[in-house]
Amino acid sequence: MARRSGERAYRTRAALGIAIYLALAFAPLSLMLLSPLGPARAPLQEFAVALGFVALGILGTQFAVAARIGRLKAPYGVDAVYYFHRRMAVVALGLAVAHPALLIAEAPGRIGLLNVVTAPWPARYAVATVAVLAGIIATSLWRRKIRLGYETWHAGHGLAALVILVLAALHATGTGIYTDDWKISALLFYLAIWVAILGYIRIGKPVAQLRRPYRVTRVERESPDTWTLTFSPEGHDGLRFRPGQHAWITLGRSPFSFEAHPFSFSSSPNREGGGFDMTIKELGDFTSTIGTYGPGTIAYVDGPFGAFTTDRHPATRYAFIAGGVGITPLMSMVRDAADRGDETPISLVYGAATREDLVFSAQLDELSSRIDLATTYVLEDPPQDWEGETGIITGEVLERSLGSVDAYEYFICGPPAMIDGVARSLEDLGVDKRRLHYERFEIA
Ligand SMILES: Cc1cc2nc3c(=O)[nH]c(=O)nc-3n(C[C@H](O)[C@H](O)[C@H](O)COP(=O)(O)OP(=O)(O)OC[C@H]3O[C@@H](n4cnc5c(N)ncnc54)[C@H](O)[C@@H]3O)c2cc1C
């Protein structure tokens, strides 16, 4: 495809981002190691304290990793960043537990520090930090099992993260390790950076969104449970996005509310006037009401985000594989290719439950007369007169639809189970993992 942004520039940014991450995660430890140092203590004790400072650094950086800041996430992709965020929370918990465990191993009498009734305050803060951290991880892992709604979990998660940071700071500054005033000030400044990031996300961003509102200008039913909404900027020039990206939408509410949902752009990015479409399937509390938001509804938009875009992966042939409403970002890529008269062949394999669930089939058929697009529809529950593929998208379906499977760069979007199944089938067929790009319609 013609328009490309240098993949090398993304790699450089990715490497720079990792270097900055490491510097920030190890900043509390580095600070501790600067002169003046306290009197030397047992090596195991020093090691245990060092682990505590690394845990503090990781906990702080979690604010930046989770924050919805497109520029930070762009080189890696949103999925990968949230995956890293979840893993690093567990690493921080491991370090936070190892820190007192090693101190107790070095001097077993310290076990009394775990008794929150009798222990000094800094030790109590440490116990509370570990307890809240364990709680935040447990509620994230088992949110669905304990039937915790996404919005409640999200709000509680942010608040608990702030509590952890304050408790950890009280512990670190209260134990007397940072004996010098300037080290305490430097540590507090470091921690203030993370609080500032939270403030930016919760206050700065909504204020910016209030200044750039959108209105729903069209609502169209695409299938019994899927709707396309057109958003038009009001009093500003809209946003620029890449085909395949997504944004967070707050519909009919204040941008300060926690009710923002991520949706992919389904329109071409080349539309005049800065407006765009999103195609939304009814699924849960919010989306099941989507058809009730009529034209005129105010909307706030946070985005664009995401690295799921052909712009970043030049190829001589693309395979787009969609499950259900996962067609949306791929539709944006197809429409973009058509707008630009791009002649790169695209093979689309599009699975849905029933024929009625195949949104955009008429548009796709029309677009295949304008660009080199071949679509294979796969229905789980086909009508009697259906002559196409049936069942789910398996390796055999992919081989029949695509022919030589190594010829393509793959873009796969849909529910997590479908993505995992398709990726496994392609890997079994010998496709290099690096040619598979995903967008999961699920964050936590
Ligand atoms: C990158 C991305 C792009 C997406 N693009 C589309 C799209 O183009 N079309 C479409 O129909 N759907 C899309 N989704 C899915 C859509 O965001 C969810 O279906 C929607 O947020 C569900 O909200 P609900 O309240 O109706 O359902 P609920 O029953 O409350 O939630 C169902 C699941 O959706 C997820 N979810 C719910 N609320 C949020 C939220 N505020 N933020 C993040 N995840 C949430 C959670 O994993 C939750 O378990 C996308 C998701 C992601 C992550």
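Since the structure is predicted, the reported quantities are computational estimates derived from the model, not experimental observations.

## Side note on the overall build of the chain
The helix and strand tally for the chain stands at 12 helices and 12 strands. Along the three orthogonal principal directions, the C-alpha set of the chain runs to about 80 × 50 × 40 Å. The 444 residues of the chain split such that 47% are buried. At a minimum sequence separation of 6, the contacts of the chain that also span at least 24 residues come to 74%. About 20800 Å² of surface is accessible on the chain, with carbon and sulfur atoms providing 61% of the total. In the chain, the 42 positive side-chain charges and the 43 negative ones have mean positions that sit 8 Å from each other.

## What to know about the sheet that holds strand β2 (residues 226-233)
With antiparallel pairing, the 6 strands of this open sheet are ordered in space as β4-β3-β6-β1-β2-β5. The open sheet has two edge strands with one neighbour each: β4 (261-264) and β5 (276-281). Across the sheet, the mean angle separating the axes of adjacent strands is 40 degrees when strand polarity is ignored. Both strand β3 (residues 246-251) and β4 contribute to a ladder of 4 bridges, which runs antiparallel. The residue bridging Ile249 from the neighbouring strand is His261, located in β4.

## Considering the site of the ligand
For the ligand, the set of nearby residues contains 27 residues, the closest of which are Ala260, His261, Pro262, Lys281 and Thr287. Separating an oxygen atom of the ligand from a backbone N or O atom of Phe286 is a distance of 3.1 Å. The side chain of Thr287 places a nitrogen or oxygen atom 2.5 Å from an oxygen atom of the ligand. Protein contacts shield 91% of the accessible area of the ligand, which totals 880 Å² for the unbound molecule. For the shell around the ligand, the leading source of residues is β4, giving 4 residues. Among the residues forming the shell around the ligand, the class breakdown is 12 nonpolar, 7 polar and 8 charged.

## Considering the nonpolar core
Core analysis: the largest hydrophobic core is formed by 40 residues, its most contacted members being Phe53, Leu56, Ile58, Leu133, Leu187, Leu191 and Trp194. When residues of this core are assigned to their parent elements, the largest contribution, 12 residues, is made by helix α3 (residues 43-66). Leave out the neighbours within four places in its chain, and Ile58 touches Tyr21, Ala25, Met88, Val91, Ala92 and Leu95. One finds Phe320, Ala338, Leu373 and Cys413 within the second-largest nonpolar core, a separate group that totals 28 residues.

## Digging into the packing of aromatic side chains
Inspection of the entire model under this criterion finds 16 aromatic pairs. For the ring pair Trp121 and Tyr125, a centre distance of 5.7 Å and an interplane angle of 35 degrees mean the geometry is tilted. In this pair, Trp121 and Tyr125 both sit in helix α6 (residues 121-141), 4 residues apart, roughly one turn of the helix. Residue classification places Trp121 among the exposed residues on the basis of a relative accessible area of 52%. With a relative accessible area of 22%, Tyr125 lands in the partly exposed category. Between Phe231 and Phe276, the aromatic rings sit 5.3 Å apart at their centres with planes inclined by 25 degrees, giving stacked as the arrangement. Taken as a pair, Phe231 in strand β2 and Phe276 in strand β5 lie far apart in primary sequence, 45 residues in all.

## A look at the pattern of salt bridges
Side-chain pairs of opposite charge can arise whenever the charged atoms involved come near each other. Enumeration over the complete set of coordinates arrives at 20 salt bridges. A salt bridge links Arg440 to Asp79, with the nearest nitrogen and oxygen atoms 3.9 Å apart. Pair noted here: Arg440 is in strand β12 (residues 436-440) and Asp79 is in helix α5 (residues 78-106), with a separation of 361 residues, a long-range link. A relative accessible area of 28% means that Arg440 is categorised as partly exposed. Across the pair Asp432 and Arg434 runs a salt bridge, and its minimum N-O distance is 2.8 Å. Bridged by salt links that share partners, the residues Arg218, Glu220, Arg271 and Asp277 form one connected network.

## Quick look at the environment of Ile197
Among the structural elements, Ile197 can be located in helix α8 (residues 181-211). Judged by its relative accessible area of 17%, Ile197 is buried. Ile197 sits 65 residues away from Pro262 along the chain, and the two C-alpha atoms are 20 Å apart. Other than its neighbours up to four places away in sequence, Ile197 contacts Phe63, Ala64 and Ala67.

## Topic: the sheet that holds β12
Strand order in the open sheet formed by 6 strands is β10-β9-β8-β7-β11-β12, and the pairing between neighbours is parallel. Two strands close off the open sheet at either side, each with one partner strand: β10 (389-390) and β12. As judged from the 5 bridges shared by strand β11 (residues 409-414) and β12, these two strands associate in the parallel manner. Paired with Phe411 across the two strands is His437, which belongs to β12.

The rules behind each value
Residues numbered from 1 in each chain as written. Predicted model: local features only at pLDDT ≥ 70, side-chain atom pairs only at ≥ 80, totals over all residues. Heavy atoms only, no water. Helix = DSSP H or I, 4+ residues; strand = E, 2+ residues; numbered from the N terminus. Buried < 20%, exposed > 50% of the residue type's maximum accessible area, 1.4 Å probe, protein only. Contact = heavy atoms within 4.5 Å. Areas by Shrake-Rupley, 256 points an atom, 1.4 Å probe, with all protein chains shown as cover. Lys, Arg positive; Asp, Glu negative; His and termini not counted. Charge placed at Lys NZ, Arg CZ, Asp CG, Glu CD. Pairing = 2+ DSSP bridges. Axes fitted to C-alpha atoms, helices over the stretch in contact; angles between N-to-C directions. Near = heavy atom within 4 Å. Polar contact = N/O pair within 3.5 Å; in protein donor to acceptor, adjacent residues only side chain to side chain. Nonpolar A, V, L, I, M, F, W, Y, C, P; charged D, E, K, R; others polar. Core = buried A, V, L, I, M, F, W, Y, C linked by side-chain atoms within 4.5 Å. Phe/Tyr/Trp six-rings, centres within 6.5 Å; stacked < 30°, edge-to-face > 60°. Salt bridge = Lys/Arg side-chain N within 4 Å of Asp/Glu carboxyl O.

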